[in-house]
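Residue-level listing of the chains:
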Amino acid sequence: MAIFSNQATLTYNGTTTNSNIAYGEILDVLAATKTAVEGTYTPGEPVTYVVTLRNTGNSPLTGITITDDLGGYAFGAGTVYPLTYEDGSAALFVDGVPQGAPAVTAGPPLVISGITVPAGGDVVVVYQARANAFADPQAGGTIVNTVTVTGDGLSAPITASETVTAVTAPALTISKSITPTQIVDNDRVTYTFVIQNTGNEAVVATDNAVVSDTFDPILTALNVTFDGVAWTEGVQYNYEEATGLFTTNPGQITVPAATYTQDPVTGAYALTPGIATLVVTGTI
């Protein structure tokens, strides 16, 4: 909607007089909405966006262009873009009927052009953009993403925005090593389990994380530490010497969240995983 005004001037015999100011209103016949299907993002994973254009007018709107800022934000002396368009992902629907792929310039910004919105009808454009190294991975991180719609028959650009938030969750991996790698009977051997958390949320006692392993050959006379602190059998872990089954008790494994730093020059985020270490030593 846009308001316009107009005033006339009357001049006669060297005298000038002004009319009243007349106001008018240009009603928008095109409405735009933008929605993220997932509502959240994980760096490295795609987000699906749906842009809907609805024409309430009596004439088709041609030459419509959708420009997506891909979440660009000011950083340093320039702009960084936390979203990258997924090549070939754009799909176009007119009144619910699939059309050929629209014309796309990946950008940034992303530009989808050559769209016609029929009279009394709607157009839906669906596409994906992947969260990249400029997307804030921390708990509470957001990407604010705006499309601007321009084209024939529009008195002014139309905008629509959507905000997605970073997924808040731990993401664990575990690796195992043995020292020494060559041993003889009755030697002591050490298994080291390194648990890494690349997620933005810590693993706490109530998450009930458990590590289990069946040692083969079976170990005896176990010594167990977690992050350098000695553990007691029956309290923090259980071990069945007859079978070699080792299991930590629920609530004993905790792993800090990853930490993140944003490069002061490029604006890209770097991740340092949270780490916890479980060490089991026994005699073969």
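Keep in mind the model is a prediction, meaning the values are calculated, not measured. (Residues numbered from 1 in each chain as written. Predicted model: local features only at pLDDT ≥ 70, side-chain atom pairs only at ≥ 80, totals over all residues. Heavy atoms only, no water.)

## Remarks on the environment of Tyr-81
Of note, Tyr-81 is situated in the loop between strand 8 (78-80) and strand 9 (83-85). The class of Tyr-81 is partly exposed, set by a relative accessible area of 25%. Along the backbone, Tyr-81 and Ile-195 are 114 residues apart, and their C-alpha atoms lie at a distance of 32 Å. In contact with Tyr-81, other than residues within four places in its own chain, are Asp-69, Leu-70, Gly-72, Pro-108, Asn-132 and Phe-134. (Helix = DSSP H or I, 4+ residues; strand = E, 2+ residues; numbered from the N terminus. Buried < 20%, exposed > 50% of the residue type's maximum accessible area, 1.4 Å probe, protein only. Contact = heavy atoms within 4.5 Å.)

## Regarding the environment of Asp-227
Inspection of the secondary structure puts Asp-227 in the loop between strand 20 (220-226) and strand 21 (229-230). For Asp-227, a relative accessible area of 43% corresponds to the partly exposed category. Here the alpha-carbon distance between Asp-227 and Val-204, two residues 23 residues apart in the chain, equals 14 Å. The contacts of Asp-227, once residues within four sequence positions are left out, are Ile-275, Ala-276 and Thr-277.

## Focus: the sheet that holds strand 23 (residues 245-248)
The strand order across the open sheet built from three strands is 19-23-22, with neighbouring strands paired in antiparallel fashion. Whereas interior strands pair on both sides, the edge strands pair on one side only; in this sheet they are strand 19 (212-214) and strand 22 (237-240). Neighbouring strand axes in the sheet, compared pairwise and without regard to direction, differ in orientation by 10° on average. In the sheet, strand 19 pairs with strand 23 via three bridges, with the strands oriented antiparallel. Opposite Asp-213, over in strand 23, you have Phe-246 as the bridge partner. (Pairing = 2+ DSSP bridges. Axes fitted to C-alpha atoms, helices over the stretch in contact; angles between N-to-C directions.)

These figures capture arrangement, not role.
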